[in-house]
Amino acid sequence: MAWMPDLMVSLGGRTRRLADCFWVLCNADGCAEASQLGRCAVDEEQAHKRFTPRQRDRDREIRHGYRVEIVDREQWRRDAEPCFLGRCEHRKGGAA
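Residues numbered from 1 in each chain as written. Predicted model: local features only at pLDDT ≥ 70, side-chain atom pairs only at ≥ 80, totals over all residues. Heavy atoms only, no water.

So, the overall build of the protein chain
Helix and strand counts for the protein chain come out as four helices and five strands. Burial analysis of the protein chain (96 residues in total) assigns 33% to the buried set. Across the protein chain, the fraction of contacts at a sequence separation of at least 24, relative to all contacts at a separation of at least 6, is 50%. Carbon together with sulfur atoms contributes 48% to the accessible area of the protein chain, which is approximately 6,700 Å² in total. (Helix = DSSP H or I, 4+ residues; strand = E, 2+ residues; numbered from the N terminus. Buried < 20%, exposed > 50% of the residue type's maximum accessible area, 1.4 Å probe, protein only. Contact = heavy atoms within 4.5 Å. Areas by Shrake-Rupley, 256 points an atom, 1.4 Å probe, with all protein chains shown as cover.)

Overview of the nonpolar core
Grouped together as the largest cluster of nonpolar side chains are twelve residues: V9, L11, L18, C21, W23, L25, A34, A41, A47, F51, V68 and I70. Elements represented by at least two residues in this core include exactly β1 (8-11), β3 (21-26), α1 (44-51) and β5 (67-72). When residues of this core are assigned to their parent elements, the largest contribution, three residues, is made by β3. In terms of nonpolar packing, the next biggest core, distinct from the first, is built from ten residues, F22, C26, A32 and C83 among them. (Core = buried A, V, L, I, M, F, W, Y, C linked by side-chain atoms within 4.5 Å.)

Here it is in structure tokens:
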């Protein structure tokens, strides 16, 4: 097996290993709808392709304000995990 160097990413002025981060697909309201390990993709476009394989579906998501973000573990726990558990502010606002 060939040796691969760690890919690094800068988040909030701090350098982190991509493998220690997460890609998150957020809808227009900012609610996380999907997540994958950082090492699954090297950029937003590649991550979006993994979340949404068909180009026309990705184009539709972009038109509707979806975005792909890279976050560290702390950000994931704070911002994405509540969405997956149904405890986020996005859902509370939509349910009112």
